[in-house]
Amino acid sequence: MKNCILFTTKHGSAEKAALSLKEILKAETDIINLKNVKNLDISDYDTVILGASIYIGKIQKLMRKFIRENLNELLKKNIALFIMAGQKEKAQETLYNAYPMELFDHAFAKEFFGYEMILENMNFLEKAATKAQGVTQSKSEIMHDAIEKMAHHINEL
Ligand SMILES: Cc1cc2nc3c(=O)[nH]c(=O)nc-3n(C[C@H](O)[C@H](O)[C@H](O)COP(=O)(O)O)c2cc1C
């Protein structure tokens, strides 16, 4: 069994969650930032975990493109999906809408892993948009219980 965690992130919270997940997976696990690879070959992996963060309701374009281009191969693997999203109350709906329906239905695990909003790391527009949502202080709430739940499912495969 070989796992691969593929993630996209803008400010690093998806990477932190991906690293936490990797730490508690029993099988050999590669962890890859999609930004750093071209023509990624996933044929070696039995399980692929895809993780991305939500900006204006969507996961990163790079992740959407990767999924579009590799959908047939992804559908032949064990798939787990996670998102990082600041709007906790809408997180399940956001997760449901984040990935293509076919992949979402195929995935054996789907989790909301929490969020980070670190104002000092944001650019002017991001900071303004965040403050307009009523967030005036930096916050970090990575949900380790959800990460452990997913790890448990993957370790059972
Ligand atoms: C400009 C901006 C837009 C965002 N839009 C959404 C959104 O539409 N829905 C949501 O749930 N969270 C939203 N968030 C919160 C991010 O998803 C959250 O901060 C996440 O942890 C960022 O992940 P990253 O550090 O991996 O980039 C937004 C954050 C920023 C700064």
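Just so you know, these numbers come straight off a predicted model, no measurement behind them.

Chemist: Can you help me understand the nonpolar core in this one?
Modeler: For soluble globular proteins, nonpolar side chains are generally found buried alongside one another. By size, the foremost hydrophobic cluster in this structure holds 29 residues, and its most contacted members are L6, L50 and Y99. Put simply, the parts of the chain that give this core at least two residues each are β1 (2-7), β3 (47-53), α2 (61-74), β4 (78-84), α3 (91-98) and α4 (101-106). Residue contacts for Y99: discarding those within four places in its chain leaves L50, G51, A52, I59, M63, I67, L81, F82, I83 and F104. Residues A18, L21, I142 and I147 belong to the second largest nonpolar core, which totals 19 residues.

Chemist: Sorry, what's going on with the pattern of salt bridges here?
Modeler: Proximity of charged atoms lets side chains of opposite charge pair with each other. If you walk through the whole model with that rule in mind, you get 8 salt bridges. With a shortest N-O distance of 3.7 Å, D30 and K2 are connected by a salt bridge. In this pair, D30 sits in strand β2 (residues 28-33) while K2 sits in strand β1, placing the two residues 28 residues apart along the sequence. For E116, the salt bridge goes to K16, with nearest N and O atoms at 2.9 Å. One end of the pair, E116, is in strand β6 (residues 114-117); the other, K16, is in helix α1 (residues 13-23), with 100 residues separating them in the sequence. For K16, a relative accessible area of 43% corresponds to the partly exposed category. Salt bridges here are not isolated pairs; linked through shared partners, they connect K2, E28, D30 and D44.

Chemist: In this structure, what is going on with the packing of aromatic side chains? I would like to understand it.
Modeler: Here a ring pair, both rings aromatic, is described through the centre-centre distance and the interplanar angle of the planes. Taken as a whole and judged by the stated rule, the model has 2 aromatic pairs. When the ring of F82 is compared with that of F113, the centres are 4.5 Å apart and the planes differ by 20°; the resulting orientation is stacked. Here the residue F82 occupies a position in strand β4, and F113 occupies one in the loop between β5 (109-112) and β6, the gap between them amounting to 31 residues. Here the two residues F82 and F113 agree in accessibility, since each one is buried. Taking the centre distance of 5.2 Å and the plane angle of 80° together, the rings of Y96 and F104 count as edge-to-face. Residue Y96 is classed as partly exposed on the basis of its relative accessible area, which comes to 41%. Here K10 stacks its cationic end above the ring of Y55, 5.6 Å away from the centre of that ring. Just above the ring of F104 sits the side chain of K110; from NZ or CZ to the centre is 4.3 Å.

Chemist: What's the story with α1 in this structure? I'm lost.
Modeler: For an α-helix, 3.6 residues make a turn, and residues three or four places apart therefore share a direction. Residues of α1 that are buried include every one of S13, A14, A17, A18, S20 and L21, and no others. Down the axis of α1, the sector holding all buried residues measures 160°, keeping them to one side.

Chemist: Can you walk me through helix α6 (residues 144-156) in this structure?
Modeler: Here α6 contains 13 residues, and its C-alpha end-to-end distance of 18 Å stays within 8% of the 18 Å for a straight helix at 1.5 Å per residue. Buried within α6 are the following residues: A146, I147, M150, A151 and I154. Mapping the buried residues of α6 onto a view down its axis gives an arc of 140°, with all of them on the same face. Opposite the buried face of α6, at more than 90 degrees from it, the exposed residues are D145, E148 and E156. Turning to α6, the residues buried within the fold contact β1, α1, β3, β4, β5 and β7 (139-142).

Definitions and cut-offs
Residues numbered from 1 in each chain as written. Predicted model: local features only at pLDDT ≥ 70, side-chain atom pairs only at ≥ 80, totals over all residues. Heavy atoms only, no water. Core = buried A, V, L, I, M, F, W, Y, C linked by side-chain atoms within 4.5 Å. Buried < 20%, exposed > 50% of the residue type's maximum accessible area, 1.4 Å probe, protein only. Helix = DSSP H or I, 4+ residues; strand = E, 2+ residues; numbered from the N terminus. Contact = heavy atoms within 4.5 Å. Salt bridge = Lys/Arg side-chain N within 4 Å of Asp/Glu carboxyl O. Phe/Tyr/Trp six-rings, centres within 6.5 Å; stacked < 30°, edge-to-face > 60°. Lys NZ or Arg CZ within 6 Å of the ring centre and 35° of its normal. Arc of directions from axis to C-beta. Expected span 1.5 Å × (residues − 1).

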